[in-house]
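Report on the structure
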Amino acid sequence: MVSNSPNARPDCRPRLQPRLQPQLQMTSAMRAQLPSLSSFANPADFKTKPTISRAEHGFVVGGLESRRIVSLCDACYRDIPQTITDSVRLDLVGEQGPCATCMVMDSKPEGFTEPFCSFLRENPTIFHAVDYFKKKMIRLGYQELPACEDWSGKLEAGGKYFVRRNGSSVIAFTVGKAYKPGKGVAIIAGHIDALTAKLKPVSTKPTKAGYVQLGVAQYAGALNETWWDRDLSIGGRVIVRDGWGRMTSKLVKLDWPIARIPTLAPHFGAGMMGENNKETQAVPIIGLDASNNGSVDSESLGPEGSFASKQPAKLVRLIAKELGIEDYSQIVNWELELFDLQPATVGGMDKEFIFAGRIDDKLCSWAAFQGLLASEQKDDDGTIKLVALFDDEEIGSLLRQGAKGNFLPSVIERTVESLCGKEKTFGPGVMGQTYANSFLVSADVTHAINPNFLSRYQEDHAPRLNVGICICADSNGHMTTDSVSTAVLTRVCELGGCTPQVFQIRNDSRSGGTVGPSISSALGVRSADAGMPQLSMHSIRATCGSLDPGLGVKFFKAFLDKWEKVNAEWQ
């Protein structure tokens, strides 16, 4: 729906400005007369390769359909399908006005602030994040490649594809229209897991002093002091067996806080900022039950020994209600976790900050993914552009959905094998050539300068918010950056109009790790570590700049689009 005023009725089209009305009336008439396909089109091609306009592309990449009002220029409005204009209120702007889709497609940083906050608000768990990426890719014509199927003959130059593993890791890539086997892969790899508290296999706890508690286990460094006195909700995936015996995975999240980890008042003389026992003193409370102190919930919602019988009965009811399940025995298992319910928001006097949970590392992973979706597909593109987002980085990346598993090399090798066809023999030779022509950006957040602890930073290695990508180095191999890879990323920044920063931790501090070293050593590809800066890493609430998501998109898109040119300069 079109609106020239925020107060316009959402159920009708108001009178347009005189200078725009003739154009829109003509557009409406033209749309009514347009056939669904041109006379020379092959319907099968349109079924397998849907094409969308630049404006619609920007609409999807920016997630603009979730906004109440979207500002569009006249040209973008005319390229947006009627199905979208009928469901979203549009505010028409002049040629000089800020058009939401143009800002996205032109990589204007300010165009990504609200989309990133919306992503954080709507996708609190890793399973929701991967599902978000999947839905967005399908809308843009990406084809999912099931790992259990044969990929022979399914991939081609110019194609767009994605693969998922465990519902918690995803790899997406586009094949250049001029790709030939042996050409390189422009890789961005990061992680989408975050510190959290996961429900234990038996999450029922004995009632204490009338409180119903929940058994949870820390994931990575969660349940630290920043988790106390927070409004915690619950979400994740549930494994369900339907009436025909088929197993499915369903996502769930509650939209109100059900848990809290209460601190002890200072009047008792025990400080809460010291060493507290996470097993006994960081147990969430989820309700009251004064009927039988010291007992375990006697109500059983399933047969003895069943999964549902080992969980708090009220919690099982809540989850089942959210999923529309009436037979509790259909809940075979679940992977649920607690998350901070306070929504992501902009802050600061000029709204220059984003305050949110799970910034590490939804920030770089989301920006890299958006960069891939917005990347160019030119006729002379000869490389594969790939973004890999992994689970389990915060606990060492050792599981099959982690970066140290075979997920990434398997996808690259199967892709090259499928694309070899009859033109080139697939084997170690073509894969060695592929990796030698490839480059990895290990994307993970880094530490922004904290004004209250300046002495903890090196003076010339102090990244700032809302400036740009930060190239990270570590002399002990915790990061992959070296002189060659730094020169490569610096050149990417030059071509993409990005401002690079640098960071290295002090000699008397401990450096964190990334997925970079394990991937680059396994594949033998050149690599650098780079990410966006943030404050309060590993806190339940962190801070980044409001422009940082968009600055990340701008850099990652530049890397994907410019890598082939930069690589040629080194030949």
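Since the structure is predicted, the reported quantities are computational estimates derived from the model, not experimental observations.

A few words now on the side chain of threonine 174. Along the chain, threonine 174 turns up in strand β5 (residues 169–175). By relative accessible area, which is 4% here, threonine 174 ends up buried. Sequence-distant contacts of threonine 174, defined by excluding residues within four places in its chain, comprise Tyr142, Gly159, Lys160, Leu372, Gln377, Thr383, Ile384 and Lys385.

Along an α-helix, residues three or four positions apart point the same way, because every turn accommodates 3.6 residues. Within helix α3 (residues 54–61), seven of the eight residues are buried, which leaves it mostly tucked inside the rest of the structure. Residues of α3 that are buried: Ala55, Glu56, His57, Gly58, Phe59, Val60 and Val61. Downstream of α3 by a residue or two, glycine 63 has a phi angle that is positive, lying close to 60 degrees.

A separate point is the sheet that holds strand β7 (residues 196–204). In a beta sheet, neighbouring strands pair by backbone hydrogen bonds and run either parallel or antiparallel. Strand order in the open sheet formed by six strands is β10-β9-β12-β7-β8-β11, with antiparallel pairing between adjacent strands. Of all the strands in the sheet, just β10 (247–253) and β11 (285–288) have a single pairing partner and so form its edges. Averaged over neighbouring strand pairs, the angle between their axes works out to 25 degrees when direction is ignored. In this structure, strand β9 (residues 232–241) lies alongside strand β12 (residues 331–340), joined through nine bridges in antiparallel fashion. Across the sheet, residue isoleucine 239 finds its bridge partner in β12, namely asparagine 333.

Turning to the packing of aromatic side chains, a few remarks are in order. Counted by the stated rule, this structure contains 15 aromatic pairs. An angle of 55 degrees between the planes, with centres 5.3 Å apart, marks the rings of phenylalanine 116 and tryptophan 366 as tilted. Taken together, the residues phenylalanine 116 in helix α7 (residues 113–122) and tryptophan 366 in helix α10 (residues 359–374) connect sequence positions 250 residues apart. Using a relative accessible area of 0% as the deciding quantity, one classes phenylalanine 116 as buried. The buried category is assigned to tryptophan 366, whose relative accessible area is 0%. With 5.4 Å between their ring centres and 65 degrees between their planes, phenylalanine 555 and phenylalanine 556 make a pair best called edge-to-face. Judged by relative accessible area, which is 1%, phenylalanine 555 ranks as buried.

The buried fraction of strand β2 (residues 89–93) amounts to four of the five residues, a majority that puts the element mostly inside the structure. With five bridges connecting them, strand β1 (residues 69–73) and β2 associate as parallel partners. Looking across to β2, one finds that cysteine 73 is bridged to valine 93.

Let us look at the packing of helix α11 (residues 407–420) against helix α12 (residues 428–436). Angle between the axes and distance between the axes are the two parameters that describe a pair of packed helices. At their nearest, the axes of α11 and α12 sit 11 Å apart, and the two run at 120 degrees to each other. Judged by the sense of rotation from one axis to the other, the crossing of α11 with α12 is right-handed. In this structure, α11 uses Pro409, Ile412, Glu413, Val416 and Cys420 to contact α12, whose residues at the interface are Val430, Met431, Thr434 and Tyr435. Looking at the contact of α11 with α12 residue by residue, the class counts come to seven nonpolar, one polar and one charged.

Looking now at unusual backbone geometry. Put simply, aspartate 360 and aspartate 361 share a cis peptide bond, and its omega is -10 degrees. Inspection of the secondary structure assignment puts aspartate 361 in helix α10. Notably, asparagine 466 is not glycine yet its phi reads approximately 60 degrees, a positive angle. Position of asparagine 466 among the secondary structure elements: in the loop between β17 (446–447) and β18 (470–472). Although it is not a glycine, serine 536 adopts a positive phi angle of roughly 65 degrees.

So, about the pairing of strand β20 (residues 526–531). The buried fraction of β20 amounts to five of the six residues, a majority that puts the element mostly inside the structure. Sheet topology note: the strand β16 (residues 439–443)/β20 ladder contains five bridges and is parallel. Paired with alanine 443 across the two strands is alanine 530, which belongs to β20.

As a further point, take the environment of alanine 290. Inspection of the secondary structure puts alanine 290 in the loop between β11 and α9 (313–323). Note on alanine 290: relative accessible area 75%, which makes it exposed. Remark: the alpha-carbon pair of alanine 290 and valine 212, spanning 78 residues in sequence, is separated by 9.1 Å.

About the cut-offs
Residues numbered from 1 in each chain as written. Predicted model: local features only at pLDDT ≥ 70, side-chain atom pairs only at ≥ 80, totals over all residues. Heavy atoms only, no water. Helix = DSSP H or I, 4+ residues; strand = E, 2+ residues; numbered from the N terminus. Buried < 20%, exposed > 50% of the residue type's maximum accessible area, 1.4 Å probe, protein only. Contact = heavy atoms within 4.5 Å. Pairing = 2+ DSSP bridges. Axes fitted to C-alpha atoms, helices over the stretch in contact; angles between N-to-C directions. Phe/Tyr/Trp six-rings, centres within 6.5 Å; stacked < 30°, edge-to-face > 60°. Left-handed = near helix turned anticlockwise from the far one by under 90°. Nonpolar A, V, L, I, M, F, W, Y, C, P; charged D, E, K, R; others polar.

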